[in-house]
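# Residue-level structural notes
So the chains spell out like this:
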Amino acid sequence: MSSQANAFAYTLDDCNRPEPQRLLLAAAMANTEARAYWLSARWIQWPGMPAAGAQTRYKLYSSSQGQLQLRVGEAVQGAEGVLTLIEPEQPMPAELQTRFKFVAPGARLQVPGSFAPQLKRWLRGQVLLVQEDSAGRVLASTALQSPGVLDDVYASAQKVADLGVTLSPAQAARAATQFKLWAPTAQAVALCPYAQGQSLATDLPQPLAREERSGVWRLGMAGSLRGQYYNYLVDVWVPGLGLVRNRVTDPYSVSLTTDSKRSYVADLNDAALKPAHWERTPQPKRLKAQTDMVIYELHVRDFSLHDASVSAAHRGKYLAFTERQSQGMRHLRALAAAGLTDVHLLPIFDLASVPEAACVTPKVPAAPPDSEAQQAVVMAVAAQDCFNWGYDPFHYNAPEGSYASDSSDGARRVLELRQMVQALHSEGLRVGMDVVYNHTAAAGQHPQSVLDRIVPGYYQRLDAKGTIERSTCCDNTATEHAMMAKLMIDSVALWAREYRLDSFRFDLMAHQPRAVMEALQKRVNAAAGRPVQLIGEGWNFGEVANGARFVQASQLSLNGSGIGTFSDRGRDAARGGSAGDSGDSIIQNQGWLNGLVYAPNALAPQRPMSDLMQAADLIRVGLAGSLRDYRMQTWRGEQRRLAEIAYGDQPAGYVSQPAEVVNYVENHDNQTLFDIHVLKLPRETSVQDRARVQILGAALTAFSQGVAYFHAGQDVMRSKSLDRNSYDSGDWFNRLDWSYQDNGFGSGLPPKADNGEFYPRLSEFLSDASLKPSPAELAWSRDAFRDLLKIRASSMLFRLRSAEEVQRRLRFLNTGPQQNPVLVAGLLDGRGLADAGFKRVLYMINVAPTTQQLQLPEAERMNWVLHPVHLAPGAADQAPAQQARWDAGSRTFSVPGRTAMVWVQH
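Our subject in this report is the structure included herewith. (Residues numbered from 1 in each chain as written. Predicted model: local features only at pLDDT ≥ 70, side-chain atom pairs only at ≥ 80, totals over all residues. Heavy atoms only, no water.)

### Focus on the packing of helix α10 (residues 482-498) against helix α11 (residues 514-528)
One way to put it is that α10 packs onto α11 with a least axis distance of 9 Å and a crossing angle of 30°. By the angle between their directions, the pair α10 and α11 is classed as roughly parallel. By crossing handedness, the relation of α10 to α11 is classed as right-handed. Each of A485, M488, I489, D490, V492, A493, A496 and R497 in α10 lies in contact with α11, whose residues at this interface are V516, M517, A519, L520, R523, V524, A527 and A528. Its residues placed into classes, the contact of α10 with α11 shows 13 nonpolar, no polar and three charged. (Axes fitted to C-alpha atoms, helices over the stretch in contact; angles between N-to-C directions. Helix = DSSP H or I, 4+ residues; strand = E, 2+ residues; numbered from the N terminus. Parallel < 35°, antiparallel > 145°, perpendicular 65-115°, else oblique. Left-handed = near helix turned anticlockwise from the far one by under 90°. Contact = heavy atoms within 4.5 Å. Nonpolar A, V, L, I, M, F, W, Y, C, P; charged D, E, K, R; others polar.)

This is the structure in structure tokens:
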């Protein structure tokens, strides 16, 4: 352990100044491009450059103070050290070649083994790679990307189990507080202690000592600092800027003060941070398999902000979930009774986009349903309002403060988030969390950058010039780097262990390596002491697409992992078009649910019947769990594996087991299902039929093999007034109404930034009062949705565990070239299956407005009866009981128009 002398003295002003950084020494050059890669302690690669020759050589130059000066044709000036690189005597190790396969060909150079004692010191300052001629004149130069070498020489840091703050137990004879920060490239680190979240520091910064082996800086302080706050001062070389003293929060913060200005000192095991009876509150019954999950995706603020039955102080907060008799909690309780297993919360970690101290709530004017006035008021304060989806991570391990009753108190957000989880668990509902480890809200020297101001250039993924990749929308992280992977794994383990979260949904999961996700699964299960379900977005795009950098946690690369990905196969076939549609194509591209071929809208082009049959096949793909090896007859008449059916340039079937697929037709992204049907269904479709089509969409998810995933409010025809991207559209366009009086349609034209070019079309719909459902339709949809959950819960046949069971027990009827493509039917064989509930189950979904006929094969002559849910006196949809018919003599079913129904054999 060493404590490096710091040439720049610490002052109280460093802890208390408004600006979070101070330039200690400006760089002599503003160069920022890093085209070379320092792959390991011994290897460097410079893409596009030739090997050294008789007239050229490669050297590293260093300056701890950033005073290197280079000009082409002249010798390097300002160097403190110089190292001549050598020609490799052996091939690069295969491991490095695999890890850095994305690096373009170029000069491969070796660092002499004798340089090892100086390597770590050099990495804490400015280093440039230079190509020189035989006279020592600069021909070319570049900075280096260093994550590879940092992972190599500081590999032991991965085993440090207690980064952040640890406290001796409250009852310990000697109280102590330990601080640990991984900052291997820092020249000095100190601690700013604060007695309170808002008060000024009164003690000088306390230097931390550096552990050379791991790059971890440590400080042990006598006494307990429980309930106090801290920042770090990190003196670090920042390319293009110089030596900077960054005042920064702890990446491992477990809580913070208002607007995340300071980290909070806490032991999450302290009784004061736990709700009453926390240890004794039973967790919901453990699921037997991931396919038992029925998920309701919910935003904390949306849930209660407009619920008048919630006390005013708790609206939009964690504590709203503790009010058992509120309309919202009664809604969730009813869903749980029907078969809902999980509530998945949009991000509840500390996020950057909502001002915790002074967020504003706009006063939305009363205006016509197609007016621009509402969105103008909302968007005028979008950057200062209290709403955001929250996909902008600030601190991964700390609860978001805007949902707490007092954001200035680091204890409140911990305690109240636990109270929320406890309340949901008490209702028998498991709690899942939407996590976003693929990017950070900011990087570089931005005040809301944390990771990149501690170890510049390490945590973020860089392109060939050393610029941060932003394919995810924001500053991408690099979970292929060991300590970013460790941060993610440590973080999810903390949430599962300390907050008893039951499952996690990973945003843009395919930007992470499969190997890291598998390691995470193992670690999190161990931390929780139970299986923790993992699902995520497996979209394949960006700089990592098609395995460019590593084997991704993507749709096509997770087979056999048990980790679930969202399937767009059935979603797109049901809704029509794709998530990227714009302009009139949104209306023109109808889907199986909303009229493709059989009920064209005014803008729809003439389409052949084969398009509808292809869509029906993709619907069946979704119902079969998108299983790659499941075989069925296609509309062309062939028997094919689902992997042999095309979905664009990908296979339609892509998962190995049903647990690896998440089925849905609506989530927080894109237009709600109700809104997409407003745009695509023929305008003259009655509002009663729109409610029926809404439930058909839910039936597709409820009847599909795999994980069932629903968006909050989908059951009550939720509308966002046709908004295609409501992430920052404020409370007005994202509101939920648990009194079931208003679904949100006609709340004004949606925000202009994402919808403005389509305003003339949107106005036509929003101004049409006949499209807005009444409370009667909302109540019908609510109850019909719950009936679907009851049906799914009634039989294991809707939740089969293995691909083999799905192939053996599920058979589609009405397939092939002679099919009636508006009617999909699946026959499930329950004989010999525990918890099947029935000998056989036959589900049917008729999307046509009119009654359709289905004749069973001769072998299926046995008697069928409607599912008990349909026959119950309180069944929401009376069409099955009143209009459906089974004629045993002709083996024919009559299926009412726009109806989903289930028949069973006992």
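Past the structure itself, the notes keep going.
### Considering the packing of helix α15 (residues 673-680) against helix α16 (residues 687-703)
It is the contact of α15 with α16, at a shortest axis distance of 10 Å, that shows an interaxial angle of 125°. Taken together, α15 and α16 sit at an angle that is classed as oblique. Note that α15 runs across α16; the crossing there is right-handed. Contacts between α15 and α16 involve L673, F674, H677 and V678 on the former and, on the latter, R690, V693, Q694 and G697. A class-by-class count of the residues in the contact of α15 with α16 yields four nonpolar, three polar and one charged.

### Things to note about the sheet that holds strand β40 (residues 892-895)
The strand order across the open sheet formed by three strands is β37-β40-β39, and the pairing between neighbours is antiparallel. Two strands close off the open sheet at either side, each with one partner strand: β37 (852-855) and β39 (885-887). Direction aside, neighbouring strands of the sheet carry axes that sit 20° apart on average. When β39 meets β40, the two strands line up antiparallel, connected through three bridges. Among the inter-strand pairings, D887 is bridged to a residue of β40, identified as T892. (Pairing = 2+ DSSP bridges.)

### Here's the deal with the environment of Y709
Structurally, Y709 can be placed in strand β33 (residues 707-711). Between the alpha carbons of Y709 and M293 there is a distance of 8.1 Å; along the sequence they are 416 residues apart. Contacts of Y709, omitting those with residues within four sequence positions, involve I295, E297, H344, R505, I535, F566, V662, N663, Y664, E666, N667 and T701. At a separation of 3.1 Å, a polar atom in the side chain of Y709 contacts the side chain of E297. (Polar contact = N/O pair within 3.5 Å; in protein donor to acceptor, adjacent residues only side chain to side chain.)

### Notes on the pattern of salt bridges
For the structure on display, the rule yields 62 salt bridges. A salt bridge links R461 to E480; the nearest nitrogen and oxygen atoms lie 2.9 Å apart. Of the two residues, R461 sits in the loop between α9 (451-454) and β24 (475-476) while E480 sits in the loop between β24 and α10, which places them 19 residues apart along the sequence. According to the relative accessible area criterion, E480 is partly exposed, its value standing at 21%. (Salt bridge = Lys/Arg side-chain N within 4 Å of Asp/Glu carboxyl O. Buried < 20%, exposed > 50% of the residue type's maximum accessible area, 1.4 Å probe, protein only.)

### A closer look at the nonpolar core
Formed by 229 residues in total, the largest nonpolar core has its most connected members in W38, F321, L332, F504, F506, W592 and F703. For this core, the element with the highest residue contribution is α10, accounting for twelve residues. Beyond its immediate sequence surroundings of up to four residues, F504 is in contact with H344, M433, V435, V492, W495, A496, V524, V532, Q533, L534 and I535. (Core = buried A, V, L, I, M, F, W, Y, C linked by side-chain atoms within 4.5 Å.)

### Structural notes on the packing of aromatic side chains
For the coordinates displayed, the defined rule picks out 30 aromatic pairs. Where Y458 meets Y459, the ring centres are 5.1 Å apart and the plane angle is 90°; that geometry is what we call edge-to-face. Each member of the pair, Y458 as well as Y459, carries the same accessibility label: buried. Their ring planes at 90° and their centres at 5.2 Å tell us that F566 and Y664 sit as a pair that is edge-to-face. (Phe/Tyr/Trp six-rings, centres within 6.5 Å; stacked < 30°, edge-to-face > 60°.)

### A closer look at helix α8 (residues 410-426)
Taking 1.5 Å of rise per residue, the 17 residues of α8 would be expected to cover 24 Å, and the 25 Å separating its terminal C-alpha atoms lies within 8% of that figure. Most of α8 is tucked away: 14 of the 17 residues are buried. Directly beyond the C-terminal end of α8, a positive phi value near 85° is found at G428. (Expected span 1.5 Å × (residues − 1).)

### A look at the environment of S795
Within the element layout of this structure, S795 appears in the loop between α20 (775-794) and α21 (803-809). Taking the C-alpha atoms as reference, S795 lies 51 Å from W182; in sequence the two are 613 residues apart. Sequence-distant contacts of S795, defined by excluding residues within four places in its chain, comprise D835, A836, F838 and V841. Within the structure, the side chain of S795 is placed 3.0 Å from the backbone nitrogen of L797, a separation counted as a polar contact.

### Structural notes on the pairing of strand β14 (residues 216-222)
Summarising the sheet, strand β10 (residues 176-182) and β14 pair through seven bridges and their orientation is antiparallel. What sits directly across from A176, in β14, is A222. Here strand β13 (residues 209-211) pairs with β14 via three bridges, running antiparallel. From the neighbouring strand, R210 faces β14, where its bridge partner is W217. Between β13 and β14, which pair antiparallel and follow one another directly, the connecting turn spans four residues, one of which, G215, has a positive phi of 80°.

### Some words on the sheet that holds strand β8 (residues 138-145)
Spatial strand order, β5-β4-β7-β8-β2-β3-β6: seven strands in an open sheet with mixed pairing. Each of the sheet's edge strands pairs with one partner strand only, and the pair in question is β5 (81-84) and β6 (106-110). Neighbour-to-neighbour, the strand axes of this sheet turn through a mean angle of 25°, independent of strand direction. Pairing geometry for strand β7 (residues 126-133) and β8, over five bridges, is antiparallel. When the sheet's bridge partners are listed, V130 is paired in β8 with S141.

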